[in-house]
Amino acid sequence: MKQLDSVATAVFFIWIGIAVLVQIGWPWSLFGVGLIMLGHQAALWRLGEKMDTFRLICGAVFLFGAVWGLLGMTWPLAPVLLIMIGLGSLWNAVFGAKS
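Residues numbered from 1 in each chain as written. Predicted model: local features only at pLDDT ≥ 70, side-chain atom pairs only at ≥ 80, totals over all residues. Heavy atoms only, no water.

Before going further, it helps to examine helix 3 (residues 53-70). Two residues of an α-helix separated by three or four positions point the same way, owing to the 3.6 residues in each turn. For helix 3, with 18 residues, the first-to-last C-alpha span of 26 Å sits near the 26 Å given by 1.5 Å per residue. The set of residues buried in helix 3 consists of Cys58, Gly59, Leu63 and Ala66. Within helix 3, the buried residues cover an arc of 135° as seen down the axis, which keeps them to one side. Away from its buried face by more than 90 degrees, helix 3 exposes Thr53 and Phe64. Where helix 3 is buried, its residues meet helix 2 (26-46). Where helix 3 begins, the side chain of Asp52 points an oxygen toward the backbone nitrogen of Phe54, at a separation of 3.1 Å. (Helix = DSSP H or I, 4+ residues; strand = E, 2+ residues; numbered from the N terminus. Expected span 1.5 Å × (residues − 1). Buried < 20%, exposed > 50% of the residue type's maximum accessible area, 1.4 Å probe, protein only. Arc of directions from axis to C-beta. Contact = heavy atoms within 4.5 Å. Polar contact = N/O pair within 3.5 Å; in protein donor to acceptor, adjacent residues only side chain to side chain.)

Here it is, written out as structure tokens:
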């Protein structure tokens, strides 16, 4: 499924380029990233491949954040929460269980 991963990565970079070029703002940018991540996982599932739970959760979080932003809601601790999730993931990758 390396080809599918490559396609998803390419679509991600194309979307980011479009989002920056057109200046659509964070909510729509997050919406697109969330759709790309969830679409990639849906394609893996449809092909009978193993889905990546972390990316599935990240896609859902991005979509949730996008809807939150599109509805004009604010949550000042969201950046701190995202940083903590990232640090926890990094810690687990470096010091977690070895496979």
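Turning our attention to the packing of helix 2 against helix 3. Axis separation between helix 2 and helix 3 bottoms out at 7 Å; the angle between their running directions is 155°. Taken as axis vectors, helix 2 and helix 3 run roughly antiparallel relative to one another. Like other packed secondary-structure pairs, helix 2 and helix 3 cross with a definite hand, here left-handed. Facing Pro27, Trp28, Leu30, Phe31, Val33, Gly34, Leu35, Met37, Leu38, His40 and Gln41 of helix 2, the residues of helix 3 in contact are Arg55, Leu56, Cys58, Gly59, Ala60, Phe62, Leu63, Gly65, Ala66, Gly69 and Leu70. Here the contact of helix 2 with helix 3 is built from residues that sort into 15 nonpolar, 6 polar and 1 charged. (Axes fitted to C-alpha atoms, helices over the stretch in contact; angles between N-to-C directions. Parallel < 35°, antiparallel > 145°, perpendicular 65-115°, else oblique. Left-handed = near helix turned anticlockwise from the far one by under 90°. Nonpolar A, V, L, I, M, F, W, Y, C, P; charged D, E, K, R; others polar.)

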